[in-house]
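# Report on the structure
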Amino acid sequence: MFVKICGMKTDEQIRYAASLNYSMIGVVLHNGSKRFVCIEKAKELAKCAKETGIKSAAVGLTYDEVQNVAEYFDYIQIYEPVKTKFPTIFATSEEPADNIKYEYLLYDMSRGSGAFENFKSWIEKYRETIILAGGLNANNVARIIRRYRPFGVDVSSGVEDKTGEKNFDKMRKFILQTMF
Ligand SMILES: O=C(O)c1ccccc1N[C@@H]1O[C@H](COP(=O)(O)O)[C@@H](O)[C@H]1O
């Protein structure tokens with residue numbers, strides 16, 4: 001199971017995610033996010049991910065938000081269907097048109113809000129390739145995996161504590177729930 005964790009803000013968080021065998025980390029460059037990091041910090045975090053061997057994604061709502069750091073990351077994660085020269089995680093809550101090109105398809109209604117909503121029925125067609133996100137946590141992820149059998153899952157709020165910081169105990173419990 002592919003398991004991505006989003007909203008990394010420190011080297012320590014990245015190293016811990018790598019030690020737990022998360023598949024990919026995300027660094028958020030959307031200015032309105034509480035997980036926003038500046039360009040220089042994003043470059044540092046991308047370097048740390050490379051050192052640990054974990055894959056990395058620069059996350060923004062638009063290509064404009066990630067384009068200045070894209071070359072430092074393995075992927076960009078964007079919510080608009082633009083063609084770029086970078087390997088792309090296309091994030092959407094609508095079924096993608098056939099002409100949209102991406103390396104990974106991410107279903108995400110939440111965009112880092114932690115809100116869970118039932119997944120739309122069109123995702124069933126993509127179950128072998130899709131990554132599911134939106135309000136996942138250690139209490140619901142195993143049920144979602146059993147129900148949809150997706151390629152992967154992605155989490156952010158569900159592994160944070162009340163202050164909005166990544167919680168190492170929740171990170172560990174989450175990934176354990178994806179292994180069965
Ligand atoms: O995490 C953010 O702040 C964010 C901002 C802008 C676009 C996407 C963002 N995060 C992505 O949303 C999913 C789901 O988040 P959550 O688990 O419901 O909090 C997350 O995994 C990121 O890929």
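Residues numbered from 1 in each chain as written. Predicted model: local features only at pLDDT ≥ 70, side-chain atom pairs only at ≥ 80, totals over all residues. Heavy atoms only, no water.

- In the annotation of an unreviewed UniProt entry, the entry for the protein chain reads N-(5'-phosphoribosyl)anthranilate isomerase, and the organism field reads Flexistipes sinusarabici.
- In its Catalytic activity (unreviewed entry) section, UniProt records this for the protein chain: "N-(5-phospho-beta-D-ribosyl)anthranilate = 1-(2-carboxyphenylamino)-1-deoxy-D-ribulose 5-phosphate".
- Listed in UniProt under the heading Pathway (unreviewed entry), the comment for the protein chain reads: "Amino-acid biosynthesis; L-tryptophan biosynthesis; L-tryptophan from chorismate: step 3/5." (UniProt positions renumbered as here; feature names shortened; annotations may be inferred.)

### Regarding the state of the cysteines
- Enumeration over the complete set of coordinates arrives at zero disulfides.
- Among the cysteines around C6, which has no disulfide bond, C48 carries the closest sulfur, lying 15 Å off.
- Not engaged in a disulfide, the cysteine C48 finds its nearest cysteine sulfur in C38; these two sulfurs lie 15 Å apart.
- On the basis of relative accessibility, which here comes to 2%, the residue C48 falls in the buried class. (Disulfide = S-S within 2.5 Å. Buried < 20%, exposed > 50% of the residue type's maximum accessible area, 1.4 Å probe, protein only.)

### Considering helix α5 (residues 168-177)
- Three or more residues of α5 are buried, namely M171, F174 and I175. Along α5, the residues classed as buried sweep out an arc of 90° about the axis, all on the same side.
- Packing partners of the buried residues in α5 comprise β1 (2-6), α1 (11-19), α4 (141-148) and β8 (152-155).
- The opening residue of α5, the one whose side-chain oxygen lies 2.9 Å from the backbone nitrogen of D169, is N167. (Helix = DSSP H or I, 4+ residues; strand = E, 2+ residues; numbered from the N terminus. Arc of directions from axis to C-beta. Contact = heavy atoms within 4.5 Å. Polar contact = N/O pair within 3.5 Å; in protein donor to acceptor, adjacent residues only side chain to side chain.)

### Section: the packing of aromatic side chains
- One pass over the full model with this rule turns up twelve aromatic pairs.
- The interplanar angle of 25° and the centroid separation of 6.3 Å between the aromatic rings of F90 and Y102 together place this pair among those described as stacked. Of this pair, F90 sits in strand β5 (residues 88-92) while Y102 sits in the loop between β5 and β6 (104-108); the two residues are twelve residues apart in sequence, bridging distant segments of the chain.
- Under the relative-accessibility criterion, F90 is labelled buried at 5%. (Phe/Tyr/Trp six-rings, centres within 6.5 Å; stacked < 30°, edge-to-face > 60°.)

### With respect to the packing of α1 against helix α2 (residues 39-52)
- Close contact between α1 and α2 brings their axes to 9 Å; oriented N to C, the two are set at 25°. It follows from the interaxial angle that α1 and α2 lie roughly parallel. Taken as a pair, α1 and α2 cross one another with a handedness that is right-handed. Touching D11, I14, R15 and A18 of α1 are E44, L45, C48, A49, E51 and T52, all from α2.
- When grouped by side-chain class, the residues that make up the contact of α1 with α2 number five nonpolar, one polar and four charged. (Axes fitted to C-alpha atoms, helices over the stretch in contact; angles between N-to-C directions. Parallel < 35°, antiparallel > 145°, perpendicular 65-115°, else oblique. Left-handed = near helix turned anticlockwise from the far one by under 90°. Nonpolar A, V, L, I, M, F, W, Y, C, P; charged D, E, K, R; others polar.)

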